[in-house]
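# Descriptive analysis of the structure
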Amino acid sequence: MSAQLAATDPHEVADAAGHDHGDHGHHAVVENNFMGLPNIKLAMWAFLGSECMFFGSLIGTYFFYHGKALAGPLPQDVFSIGITSISTFLLLMSSLTMALAVDAMKQRNPATARNFLVITALLGATFVGFQVYEFSHFVHLGLKLSTSLFGSTFYVMTGFHGGHVTVGVIWLSMLALLIHKGKLNPAKLPINVEVAGLYWHFVDIVWIVIFTFVYLLEFIQ
Amino acid sequence: MAALSVFDKALEPVYHQEREVKYGLVDWLTTVDHKKIGVLYGVAGLFYLLVGGLEALLFRIQIAKPDQNIFVGDTFNGLVTMHATTMVFMAVMPLIAAFSNYFVPLMIGARDVAFPRMNAFSWWTFCFGSILLNSSLIFAEFPAAGWTGYAPLTTKAMSPSAGIDFWWAGLTMLAISSMVAGVNFVVTILNMRAPGMTLMRVPVLVWMMMVIQFLLAFSFPPVAVGLILLSFDRTFGTVFYEYTMGGDPHLWQHLFWVFGHPEVYVLILPSMGIVSEILPVFARRPLFGQHAVIFSGIFIGFVGFGVWGHHMFTAGMGPIADAVFASTTAIIAIPTGVKIFNWLGTLWGAKMTYPTPMIFALSFIPLFTIGGLSGIMHANAPLDLQQHDSYFVVAHFHYVLVGGALMGLFAGFYFYMPKVTGKLMNEALGKVHFWLFAIGLNLTFWPMHDLGNRGMPRRIYTYPADAGWNFDNLLATSGVFLMAAGTLVFVYNILTSLKNGKAAGRDPWDACTLEWLADSPPKAHNFDFTPIVFSERPLWDHKHTADMAIPVPAAAEEIHMPSYSWKPMWVSGGIVLILVGLLLLHTIPFSWLISVAGGLSIIGSLYAWVTEPV
Ligand SMILES: [Cu+2]
């Protein structure tokens, strides 16, 4: 019967059935998997599409109000491109370590993957630390949430990005902990790490967009 | 050619399940079964349908006659706001969720959705969000800024009442629920189909459900951003909507209608799908141009994202934007017309029978078309300038949403309830319901065209006796009573047929699709064996075509059934705590600690979620 998929990869069997099986995924019949992508990966792509609309709206709002602030300080008064470049570089490096974690897990090397996940989370946490410093520095310069349209749009847009990085840091730390404790189904580890990686790279790309269009363009002008 | 009785001989599958629930109530609180979640959505949707209807009844009494003083000012505005918010987000959307939850897995031959616990999370987030939104009546007062919540009308300066805070908090939860459900069902439909069910063999209703799940996933984020900005303005003093600080009233309108127009299709496409399932069954012939119906639905989904500006012709976007949005809006009439003519083609010369679901489905076509035609008038920007904010618009969208969406959902109830309860609904009561409701809705909404043309604006709580609006308003209000009576007959019919209805059997309507292969009501695992699909009408071909019988395997299948879980409800509860902390921020000192506790409890619950064996 064609419902009995001859699966080549154990994690694909688990995901084709569409449920979390824990350690108990010893069933013979699975639902057919038409799109060639495991459920959880397809779900992540759909979710990231949704996230594109979310950040599109936030970044759109920033540009809708660009140059409309009635009171200072203005972007050119507060941005310090050097510091933000450093934090951007760290976030970019975290995408590299994330890719290394995904690769290690594909080679069935959970210990290495765990270590790269921890490094990725630390780099992400450092990025958030830079953002906290940046925000407090800007507040010190007189730019608050309620100061102007620039203050409101800038803090909320970059704040929600920072929130996404924070969620990613928590996710990756939890994943590293679960791998360390051996609490996840080993067959499903590669896909779990890969999906976390998709999210992480997406959040990274959103920052590249914000850094380019919000910071660098201001710097060039 | 084979009889349905071959399915009775199928062996029960062998279960693998971690834990079983012992007690009924715990079962309903922790269920991850798509059928039970569907029933929960259905009960909630019907409850809020009565609530929203009652709100409409109250404010229609106020404007039945000129110069009345029963519900005035913000009481009237609150009733109008909550009527629309309730009907859109808490009645029609959960009723659609009820159908998609219960029937999408059955129709594609699956055992459940892709992520059963995420599905339960969507339900609890909806449930808590709707309670939070309505609790404004207890803790503050109803929000009174209209369901469209136009900022700056909703800013603290304009609407100091906490009603708006409950509104944004509740709607935010409903948005989260819908986005998560959207992702879940997109994956379910794409990945969980039975063997042999190619995309072009997917039933039209499931196709329409897939289109709206994409719309949910992609159109809710903009309004979520709009609501977040509003919540920041009201809670943390940002100035997004403060015109004194340069804030632009267009911002909210764009963010709201980028969501708002696709939302219209979220409400109507499922009913179009239901009608496309019902007409062929009672016309005894295949749907005319099935692929054209599917592709026009997909086309509507795409173009639906490019038409939102037709809600803003009076907002001063400029002639170019107006022209573009007028054109895209007019274009949407084409795929809609394709559907209407395909339904007519299905019926042309057919030997029809007329049980209640067919009557409702047939009435959908002209009633929706009336709303569609006045919609095309609104695509015309200069004409829209005249009709904007008048009762003509109210007439238009009520023909679409009541004559269209709701009549389609009623048709679906009469058609599918036998599968859910195993009992047929009462035909005589069904016809009483139909005539009361159909006459009532035309009596209410047809005169509103005339009221609009005579210049009566929306959302006014009284009018002078010499305005020339008296007779139409009296007609409209009397129609509401007929609709209310019809709805009560409907609820009575559901309740009594649970007890006294005739046994439905597997396939009471001699239908075409896989859901009728399952028992009525279906077993927890839906199907004893994985059905194999050879055509777009698998059950019909099983019954009528040689060589196309669905094979029943000789051996019992082994299946894994997901176990019950408390974790989805915990995570939803954490979101409630976060929002409650924000709502109390300026009322109770240190209430931000509630939000922090909510965040931590979400993290803890998620850890428990991923580590619990299911
Ligand atoms: Cu529209």
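What comes next concerns the included structure. (Residues numbered from 1 in each chain as written. Chains lettered and ligands numbered in written order. Predicted model: local features only at pLDDT ≥ 70, side-chain atom pairs only at ≥ 80, totals over all residues. Heavy atoms only, no water.)

If you tally the helices and strands in chain A, you get seven helices and zero strands. Tracing chain A from N to C terminus, the helices and strands come up as α-α-α-α-α-α-α. Relative to its 221 residues, chain A shows a buried fraction of 52%. Of all intrachain contacts in chain A linking residues separated by at least 6 positions in sequence, the fraction that spans at least 24 positions is 79%. As presented, chain A carries roughly 9400 Å² of accessible surface, and 68% of it is formed by carbon and sulfur atoms. (Helix = DSSP H or I, 4+ residues; strand = E, 2+ residues; numbered from the N terminus. Buried < 20%, exposed > 50% of the residue type's maximum accessible area, 1.4 Å probe, protein only. Contact = heavy atoms within 4.5 Å. Areas by Shrake-Rupley, 256 points an atom, 1.4 Å probe, with all protein chains shown as cover.)

On to the overall build of chain B, then. A count of helical and extended segments in chain B gives 18 helices and two strands. Against the compact-globule benchmark of 25 Å for 614 residues, chain B has a radius of gyration of 24 Å, which places it among compact chains. For the C-alpha atoms alone, the extent of chain B along its principal axes is close to 75 × 60 × 50 Å. Partitioning the intrachain contacts of chain B with sequence separation of at least 6 by distance along the chain shows that 82% fall at a separation of at least 24. Counting 30 positive and 35 negative side-chain charges, chain B places the centres of these two groups 8 Å from one another. (Rg over C-alpha atoms; globule rule 2.2 N^0.38 Å. Lys, Arg positive; Asp, Glu negative; His and termini not counted. Charge placed at Lys NZ, Arg CZ, Asp CG, Glu CD.)

This part is about the pattern of salt bridges. Residue and element names in this part refer to chain B. Tallying each qualifying case throughout the model produces 20 salt bridges over all chains. As a salt-bridge pair, Asp-450 and Arg-454 come within 2.9 Å of each other at their nearest N and O atoms. Residues Lys-523 and Asp-519 are paired through a salt bridge, measuring 3.8 Å at the closest nitrogen-oxygen approach. When salt bridges that share partners are traced, they join Asp-8, Glu-12, Arg-506, Asp-519, Lys-523 and Asp-528 into one network. (Salt bridge = Lys/Arg side-chain N within 4 Å of Asp/Glu carboxyl O.)

So, on to the packing of helix H5 (residues 110-140) of chain A against helix H7 (residues 189-220) of chain A. All names here are of chain A. Interhelical geometry of H5 versus H7 gives an angle of 30 degrees and a closest axis separation of 13 Å. Classified by the angle their axes make, H5 and H7 are roughly parallel. You can see that H5 and H7 cross each other, and the crossing is left-handed. Taking contact as the criterion, the partners of Leu-117, Thr-120, Gly-124, Phe-127 and Glu-134 in H5 are, on H7, Val-193, Trp-200, Trp-207 and Tyr-215. (Axes fitted to C-alpha atoms, helices over the stretch in contact; angles between N-to-C directions. Parallel < 35°, antiparallel > 145°, perpendicular 65-115°, else oblique. Left-handed = near helix turned anticlockwise from the far one by under 90°.)

All names here are of chain B. Protein coordination at the copper ion comes from His-261 (ND1), His-310 (NE2) and His-311 (NE2), with a distance range of 1.7 to 2.0 Å. Site description for the copper ion: donor spacing in sequence, H-x48-H-H. Judged by its relative accessible area of 11%, His-310 falls in the buried class. (Donors = N, O, S within 2.8 Å, 3.2 Å for Na, K, Ca; no water.)

As enumerated under the stated definition, the model contains 68 aromatic pairs over all chains in all. For the ring pair Phe-79 of chain A and Phe-150 of chain A, a centre distance of 6.0 Å and an interplane angle of 65 degrees mean the geometry is edge-to-face. A residue pair is termed long-range when its members are at least 10 positions apart, and Phe-79 of chain A in the loop between helix H3 (75-78) and helix H4 (81-106) and Phe-150 of chain A in helix H6 (residues 149-181) qualify at 71 residues. Residue Phe-150 of chain A is classed as buried on the basis of its relative accessible area of 6%. Taking the centre distance of 5.7 Å and the plane angle of 55 degrees together, the rings of Tyr-414 of chain B and Phe-490 of chain B count as tilted. Of the two residues, Tyr-414 of chain B sits in helix H13 (residues 391-421) while Phe-490 of chain B sits in helix H15 (residues 470-500), which places them 76 residues apart along the sequence. (Phe/Tyr/Trp six-rings, centres within 6.5 Å; stacked < 30°, edge-to-face > 60°.)

Facing the 54 residues of chain B at the interface are 53 residues of chain A. Where chain B abuts chain A, roughly 4600 Å² becomes buried across the two surfaces, and 71% of that area is made up of carbon and sulfur atoms. Per-residue buried area on chain B facing chain A is highest for Asn-191, His-560 and Tyr-607 of chain B; these three make up 14% of the total on that side. Joining chain B to chain A, the criterion identifies six residue pairs in polar contact (both at pLDDT 80 or more). Counting only elements with at least two residues in the side of chain B that touches chain A, the list comes to helix H4 (116-134), helix H6 (163-191), helix H7 (204-236), helix H8 (250-283), strand E2 (558-560) and helix H18 (592-611) of chain B. Here the element with the most residues in the side of chain B that touches chain A is H7 of chain B; it accounts for nine residues. When its residues are assigned to classes, the side of chain B that touches chain A shows 34 nonpolar, 13 polar and seven charged. (Buried area = accessible area lost by both parts, 1.4 Å probe. Polar contact = N/O pair within 3.5 Å; in protein donor to acceptor, adjacent residues only side chain to side chain. Nonpolar A, V, L, I, M, F, W, Y, C, P; charged D, E, K, R; others polar.)

Attention shifts here to the environment of Leu-106 of chain B. All names here are of chain B. Within the secondary structure layout, Leu-106 lies in helix H3 (residues 73-107). Overall, the relative accessible area of 0% leaves Leu-106 in the buried class. In this structure, the C-alpha to C-alpha distance between Leu-106 and Phe-527, residues 421 residues apart in sequence, is 8.4 Å. Setting aside its immediate chain neighbours within four residues, Leu-106 contacts His-34, Leu-514, Glu-515, Ala-518, Pro-522, Asn-526 and Phe-527.

Quick look at the packing of H4 of chain A against H5 of chain A now. Residue and element names in this part refer to chain A. Axis separation between H4 and H5 bottoms out at 8 Å; the angle between their running directions is 165 degrees. Considering the angle they form, H4 stands roughly antiparallel to H5. Between H4 and H5 the crossing geometry is left-handed.

The general pattern is negative phi for most residues beyond glycine and trans for most peptide bonds. Note that the residue after Gly-72 of chain A, namely Pro-73 of chain A, is joined by a cis bond; omega there is -5 degrees. Cis geometry is found at the peptide bond from Ser-520 of chain B to Pro-521 of chain B, where omega equals -10 degrees. Phi is positive for Asp-67 of chain B, close to 55 degrees, though the residue is something other than glycine. The phi torsion at Arg-284 of chain B lies on the positive side, around 55 degrees, for a residue other than glycine.

This brings us to a nonpolar patch on the surface. The grouping of Ile-170 of chain A together with Phe-590, Trp-592, Leu-593, Val-596, Leu-600 and Ile-603 of chain B at the surface amounts to a nonpolar patch, some 670 Å² of accessible area in total. Residue contributions to the nonpolar patch peak at five residues, all from H18 of chain B. (Patch = residues over 30% accessible without salt bridge, like charges linked within 9 Å, V, L, I, M, F, W, Y side chains within 5 Å.)

With that out of the way, let us pick up empty space enclosed by the protein. The probe, sized like a water molecule, is rolled over the atoms to show the empty space still left. Residues and elements named next belong to chain B. If you walk through the whole model with that rule in mind, you get seven cavities of 30 Å³ or more. Counted as a void, the largest cavity has a volume near 220 Å³. In terms of lining residues, the largest cavity is bounded by 18 residues, among which Met-93, Ala-97, Ser-178, Ala-181 and Leu-216 are the most central. For the lining of the largest cavity, the secondary structure elements donating two or more residues are H3, H6 and H7. Counting residues per element, the lining of the largest cavity draws most heavily on H3, at seven residues. Tallied by class, the residues present in the lining of the largest cavity amount to 13 nonpolar, five polar and no charged. Estimated volume of the second largest cavity: approximately 120 Å³. Every residue along the wall of the second largest cavity is listed here: Pro-203, Val-204, Ser-276, Glu-277, Pro-280, Pro-286, Leu-287, Gln-290, Cys-512, Thr-513, Glu-536 and Arg-537. With three residues, H8 is the largest single contributor of residues to the lining of the second largest cavity. (1 Å grid on protein atoms, 1.4 Å probe; cavity = no way out; pocket = protein on both sides within 12 Å on 5 of 7 lines; lining within 4 Å. Points joined across faces, edges and corners; volume = space filled by probe spheres on them.)

Quick look at helix H14 (residues 427-453) of chain B now. Here H14 of chain B spans 39 Å end to end across 27 residues, near enough to the 39 Å set by a 1.5 Å rise per residue. A positive backbone phi angle near 90 degrees is found at Gly-455 of chain B, which sits one or two residues after H14 of chain B. (Expected span 1.5 Å × (residues − 1).)

As a further point, take the side chain of Thr-81 of chain B. Residue and element names in this part refer to chain B. Relative to the helices and strands, Thr-81 is located in helix H3. Within the structure, Thr-81 has its side chain in polar contact with the backbone oxygen of Asn-77 (distance 2.7 Å). When near neighbours in sequence (up to four residues on either side) are disregarded, Thr-81 contacts Pro-143, Ala-144, Ala-145, Gly-146 and Trp-147.

Residues and elements named next belong to chain B. When you line up the elements, Ser-177 lands in helix H6. Using a relative accessible area of 4% as the deciding quantity, one classes Ser-177 as buried. From its side chain, Ser-177 meets the backbone oxygen of Ser-122 in a polar contact 2.9 Å long. Beyond its immediate sequence surroundings of up to four residues, Ser-177 is in contact with Tyr-41, Ser-122, Thr-125 and Phe-126.

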